[in-house]
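# Examining the three-dimensional arrangement
The lines below spell out each chain.
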Amino acid sequence: MDPSEVEFLAEKEMVKIIPNFSLDKIYLIGGDLGPFNPGLPVDVPVWLALNLKQRQKCRIVPPEWMDVEKLEEIRELERKEDAFTAVPSPYYMELTKLLLNHASDNIPKADEIRTLVKDIWDTRIAKLRCSADSFISQQEAHAQLDNLTLMEINTIRSFLLDSLNCMYKLRSNLLPGSNKGQFTDY
Amino acid sequence: MPCERKPMRYGHSEGHTEVCFDDTGEFIVTCGSDGDVRIWKGLDDDDPKFITVGEKAYSLALKNGKLVTASSNNTVQIHTFPDGDPDGILTRFTASATHVTFNSSSSRVAAGSSDFMVKVVEVSDSSQQKTLRGHEAPVLSVTFDPKDDFLASASCDGSVVVWNIEEQTQVISWPLLQKTNDVSNAKSLCRLSWQPGLAKYLAVPVDTKVHLYKRGSWEQVSTLSDDLLTQPINVVAWSPCGQFLAAGSVGGLLTMWDVNSKLCVERQKHEKGFTVCCLAWHPSGSQIAYTDTEGCLGLLDGLSTSTSVPNTVKQAPATKPAKDYDDLFDNDDDDRLMDEGLSDTNSPVKKPAAGDDDDDDFMPVTGRVRNRGAILDDENSLDTGSLKLGQEKFGDDDDDAGSAVVPAAAPLPFRPIYEGPLPTPPQKAFQPGSTPAHLMHRFMMWNSVGIVRSYNDEQDNAIDVEFHDTAVHHAMHLTNSLGHTMADISQEAVLLACPSTDELASKLQCLHFSSWDTNKEWMVDLPRGEDAKALCLGQGWMAVATSTLMLRLFSIGGLQREIVSLPGPVVCLAGHGQQLLIVYHRATGFDGEQSLGVQLLQFGRRKKQIINGEPLPLSQKSYLSWLGFTAEGTPCYVDSDGVVRMLKRSLGKNLGNRWTPVCNTRETCKSKSDHYWVVGVHENPQQLRCIPCKGSRYPPTLPRPAVAILPFKLPLCQTATEKGQMEEQFWRSVLFYNHYSFLSSSGYEIDEDGQRQSQKEQQELLMKMFALSCKLEREFRCVELAELMTQNVVTLAIRYASRSRRLALAQRLSEIALEKANELQEEGPEEQEDEYSIVRYSQGEATGGRFINRQDQEEEEEQGQELGEEEDGDEMEETDTRKCMNPFAKAAGSPVKPSPTPIGKVGRANPFKVPDLGKPPASSGQPRVTNILDNMMSSRKSTPLGGSAGRPNKSPVLKPLAPRPKSKTQSTLLQMTGTKAVSKKTQESTEPAAEQQKPPDIRPPASTADNTENKRPKTGFQLWLEENRKSIVADHPDLEETDIIKEAMGRFRTLSAEERLTWTERAKGHTGDAAELKKRKRVEGGDVENENGQAEADENNAKKKKSLDPSSKLSAFAFNRT
């Protein structure tokens, strides 16, 4: 899966916008949107929000979690806990990127938020690497990782699968007499 | 000694912070580690002016319009005060300066530095410097001898040194302090202070005590201490009179001694116990400003350095509401006057206590006199009354010198004590949807059209206009050179107004952007001495209320249209379409209540005053916070308790309009200090648009607040229960769809779909409530509900009631239904005029006034008839469908031969009118009889036609809703049609030719019919009729039963003789066959014969049945359809 595909999925997330035009309900395959009243917040998918934003037809209201204090809390929690903590949105990384790239003028303290989300992301990826490392080094057959987001799974999937395949090949080519202990060195 | 510790406020970022007053005491000036010098107009000033002097500011001194600061770039700089322009560098050190101070004549500045040096510099000529060398560690503090001969300094080397300035030599040095290597490590800042005026003493803080050294002899004359002082004293400061010494300690304790008595006269604790690092006396001696190492600024107010005069600066606690208002209605002179007035009334209570205090600290007279002078300088602190009081007491003290107990000051003759309810300061005029005018960045208006913001800071004085819908107009940016404070915005224009100044009159500026000509702007000056207080925009007009109780109306193009006098000072205005809503002060309110009045004017075609100065209901002790119209044009307002009220217009001529609470925004707030700031109200959909404000009443302009939508909720009882919920929904729906009737009555187009929808919704709710009450066995309540229903829904209710076997209820309901039907006919035209009669039904009002416009009704009678017919048609359809739904009930309940008789209008008549036959119909007596009434008459006439009206056996059958225990699911309605049909049947049976067979599709009575049939031989005509009846009916669908038979007779006669003969023979053949059988079977036995004959007859019957069955069913169907 491509990161862009994950991003595509994230664009289905709903976000609040404040339109500056008036439009009746619009009926789309994915569901009805609107009605759009100028000055009144309305929930629309991210793709539409970004489109309207680019045409200067709306202001985007950042999601509730996109707030420096809340993100700081999450970051602290993420750093403290060994396991993955629950993230505010399953697409937090994608949404942050999309919204900050296109509507940073509507989001207060955009730079801080960018840094914080990046911090959270880094912490989580580091954890993911660690857990992959211990997974392999302990020769576990399965592991349970909760609260991973699609993007995170996606970043490690190809590498993990390839390397596991590779190890499997190496392992299956082993002489039957040798014991396992040797191969942890690979 | 009473003194008030004001709450600390944020001054600077964390770190060493210093404070001082300017010469007049008007400003508090602070500097802090953020490198800024802030100039506060008072402790409550939320928007201090600031001057950036460096990366960090270590110390400041202010005198004579010169601000000297020691900043982190090792310099001592001068800035002008209060402008804050840099005025050069006074001197430089090789390390940062730690303390700067002015001498008493402000001609010199002394500065101590971390490079061990103290410099004394002439302010006028910075080249004239004197350097005092001798300290062996960073200098902690410096202070001038008021007589300018000496200078004292403290240093980290532990010494306190007195220098001779001219000779630049040490006069004396005391090793008093602990040695440290840096200012930051010093236990105490050891801020020395020289007594002003006499310059007799030098105060040196030494650990937890203050040593006083005498000038000249340099002997330690006394020590001031306090038991509560456990931590080192950081800073000492003399009061301007030189009698008191204040000290601030590391532990946050503020102590004040009277130097003469060496007694501690005041102790205050820092609210968080932070280290106090600077103290400054107000020039009047009534206040001390202090700062702590966390950058906070505090103030001790109401210090009476004279102590003979009770502090009057202190705000009276009893004026709490007044204080609240002060905060809300930015404190200006008027309010202050009011405050003082209030506090005066309280002062008698306090004064005796204050007097007691005085007696405890025996004051030398001289000190007092001086201090009184000082207090007289303080314009804020005294009024003449308390001054007199002071003098009186003064006299007292003189007389009873030394006596411990002085009788409390006698009641003061010059000020009567009033203990009744206190008047509320009247709420100031405001623009609904604006934030207070004193804010630098504020909303001047936020409404459903757009937002007007104003910025008023150093860089910019501007107004931003932004439209929610960019299709209306693009955003505008205006420079606010006139200083506009009020604004309104509509789809047509932006209106701005400014108060008058000394030179300029109050101005009105209108940006008429929707104008089609090229002049998009006009401006008008109000007459001198007249200030715009409130303004609003309507459709094509605008209104301004002024300080001279005037309401000026302009057209949107700038034409002056009207001028009206207001009954009281305006609070605010709101406009919508052609309506203008004015709220003004009716009278003085008491005990926190406002006394507001409201007027609602309507312009345009029908100019009238709808509300004429009624009181505006507010929640207890609250004030108006928003006023406006809903998007649909219903007046609406919000008070400071968050209760939203809406006008419930009543349609009757002389009925008042009522304000109904529709929402309490505070109920949805999470915390007590949260508020909702209302920006708009919509009735359809029901939305209360507001901005949630966390911890405040008003939203800030940045970050841009987001609008939230609150639902409405009428504060009915027990809305947790299902009943309460439905009641709330119903009345809310009634209230919120009330605007339709208003709009239609004032000639606007209305969304009829929406109206119908709303009506349907209400009726559904009523039906639900009805069902609920039924379930709860509250039949009386059911009837009450039915009275609110429309007629159609009552029929449903009747059905529901009869199904749930509440026959008494059903009967009552049917009476109601009848009444409604009658009303409907009478009201037909009126109904159309204002569809919302339900509201009136429900209120039980206007029933008396129904007939007022009879004339109109007669004019519109035609229309009404049509309407009535339509209604009835609907009714029929409904009953039809019910019949289809319920075939079994029908079969069981109506043993009726489906009469092919074209019933015509009888069939279409309202079924509910039938039961009324017993009584004389109310409407029939009236000369004006509509078509429906005619129908009713005809239905009545149809019975006498049969000639059986007088038959006694009929009347019980016709009784409405005769209980029929057999049929379980039948509806009364059907029963009624059933009984009606039965009556027809009976009437048929009285016909001479009615011996004919009953329709065979009804089994139970068929057997009896057969029996009677068997007894009588059939004629040939009868047989023929049976066969041909259908065709006759088909040919003449509109014939009565009797007519059918007549017709049939005629046809039968036209038949040829042979055919007639065959028919009679067939008829005979029946009997003949039977006779033959008898003959044949005589052998077998007479008993059997009879049976056989019967059996055969049955067989024949069966055959006939077969032939008739489908057709009769069809005809029944046809009957239903007609």
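Residues numbered from 1 in each chain as written. Chains lettered and ligands numbered in written order. Predicted model: local features only at pLDDT ≥ 70, side-chain atom pairs only at ≥ 80, totals over all residues. Heavy atoms only, no water.

## Observations regarding the side chain of B:Arg552
Residue and element names in this part refer to chain B.
- Tracing the backbone shows Arg552 in strand E39 (residues 550–555).
- Overall, the relative accessible area of 11% leaves Arg552 in the buried class.
- A polar contact of 2.8 Å, which involves the side chain of Arg552, links it to the side chain of Glu530.
- The residues contacting Arg552, other than those within four sequence positions of it, are Leu526, Pro527, Glu530, Met542, Ala543, Val544, Thr546, Gln560, Glu562 and Ile563. (Helix = DSSP H or I, 4+ residues; strand = E, 2+ residues; numbered from the N terminus. Buried < 20%, exposed > 50% of the residue type's maximum accessible area, 1.4 Å probe, protein only. Polar contact = N/O pair within 3.5 Å; in protein donor to acceptor, adjacent residues only side chain to side chain. Contact = heavy atoms within 4.5 Å.)

## Some words on the UniProt feature "repeat: WD" (unreviewed entry) in chain B
All names here are of chain B.
- Within the UniProt annotation, "repeat: WD" (unreviewed entry) is assigned to residues 9–41, 132–173 and 233–267.
- For residues 9–41, helix accounts for 0% and strand for 45%, while the C-alpha atoms at its two ends are 14 Å apart.
- The annotated region residues 233–267 carries 0% helix and 66% strand content, and the separation between its end C-alpha atoms amounts to 13 Å. (UniProt positions renumbered as here; feature names shortened; annotations may be inferred.)

## Regarding the packing of aromatic side chains
All names here are of chain B.
- For the coordinates displayed, the defined rule picks out 17 aromatic pairs over all chains.
- Ring centres of Trp541 and Phe603 lie 4.9 Å apart, and the angle between their planes is 80°; this geometry places the pair in the edge-to-face category. Taken as a pair, Trp541 in strand E38 (residues 541–546) and Phe603 in the loop between strand E43 (596–602) and strand E44 (608–615) lie far apart in primary sequence, 62 residues in all.
- Among the residues examined, Trp541 registers a relative accessible area of 1% and is labelled buried.
- Taking relative accessible area as the criterion, Phe603 reaches 5% and is therefore assigned buried.
- With centroids separated by 4.9 Å and ring planes inclined at 70°, the aromatic side chains of Phe730 and Trp731 adopt a geometry described as edge-to-face.
- Taken together, Phe150, Trp194 and Trp218 form an aromatic cluster joined through their ring pairs.
- Over the ring of Phe93 we find Lys119, and its NZ or CZ is 4.8 Å from the ring centre. (Phe/Tyr/Trp six-rings, centres within 6.5 Å; stacked < 30°, edge-to-face > 60°. Lys NZ or Arg CZ within 6 Å of the ring centre and 35° of its normal.)

## Concerning the interface of chain A and chain B
- Contacts between the two partners involve eleven residues from chain A and, on the opposite side, ten residues from chain B.
- The contact between chain A and chain B buries some 900 Å² in all, and 57% of this surface belongs to carbon and sulfur atoms.
- When the buried area of chain A at its contact with chain B is split by residue, A:Asn20, A:Leu40 and A:Arg59 rank highest and sum to 49% of it.
- Taken together, the links from chain A to chain B amount to zero salt bridges. (Buried area = accessible area lost by both parts, 1.4 Å probe. Salt bridge = Lys/Arg side-chain N within 4 Å of Asp/Glu carboxyl O.)

## Let's talk about the environment of A:Thr123
- Checked against the element boundaries, A:Thr123 lands in helix H5 (residues 110–137).
- Among residues more than four places away in sequence, those in contact with A:Thr123 are A:Glu78 and A:Arg79.

## Brief notes about the pairing of E38(B)
All names here are of chain B.
- Within E38, six of the six residues are buried, which leaves it mostly tucked inside the rest of the structure.
- Burial along E38 is two-sided: the residues Trp541, Ala543 and Ala545 and Met542, Val544 and Thr546 are all buried.
- Note: strand E37 (residues 532–537) against E38, five bridges, orientation antiparallel. In the sheet register, Ala532 faces E38, and the bridge partner there is Thr546.
- Connecting E37 to the next strand, E38, in antiparallel fashion are three residues, including Gly540 with a positive phi near 85°.
- Bridging between E38 and E39 involves five bridges; their strand directions are antiparallel. (Pairing = 2+ DSSP bridges.)

## Brief notes about unusual backbone geometry
- Cis geometry is found at the peptide bond from A:Gly34 to A:Pro35, where omega equals 0°.
- The amide bond that connects B:Asn684 to the next residue, B:Pro685, takes the cis arrangement and shows omega of 0°.
- The backbone phi angle of B:Lys262 is positive, close to 60°, even though this residue is not glycine.
- Within the secondary structure, B:Lys262 is located in the loop between strand E24 (253–258) and strand E25 (263–269).
- The class of B:Lys262 is partly exposed, set by a relative accessible area of 41%.

## Quick word on the pattern of salt bridges
- A full pass over the atoms with the stated rule returns 30 salt bridges over all chains.
- For B:Arg645, the salt bridge identified is with B:Asp639, shortest N-O distance 2.9 Å. Each of the two residues, B:Arg645 as well as B:Asp639, counts as buried.
- The network of salt bridges with shared partners includes A:Arg75, A:Glu76, A:Arg79 and A:Asp119.

## Some words on helix H2 (residues 46–54) of chain A
Residues and elements named next belong to chain A.
- Looking only at H2, the buried set comprises Val46, Leu48, Ala49, Leu50, Leu52 and Lys53.
- On its buried face, H2 sits against helix H1 (3–10), strand E1 (14–19), strand E3 (31–33), strand E4 (42–45), strand E5 (58–61) and helix H4 (92–103).
- Gln56 lies just past H2 and shows a positive phi near 60°.

## What to know about the sheet that holds strand E46 (residues 635–639) of chain B
All names here are of chain B.
- Pairing is antiparallel in the open sheet, where four strands are placed in the order E45-E46-E47-E48. The open sheet has two edge strands with one neighbour each: strand E45 (624–629) and strand E48 (658–664). Averaged over all adjacent pairs, the angle separating strand axes in this sheet is 25°, with direction ignored.
- Pairing of E45 with E46, which is carried by five bridges, proceeds in the antiparallel orientation. (Axes fitted to C-alpha atoms, helices over the stretch in contact; angles between N-to-C directions.)

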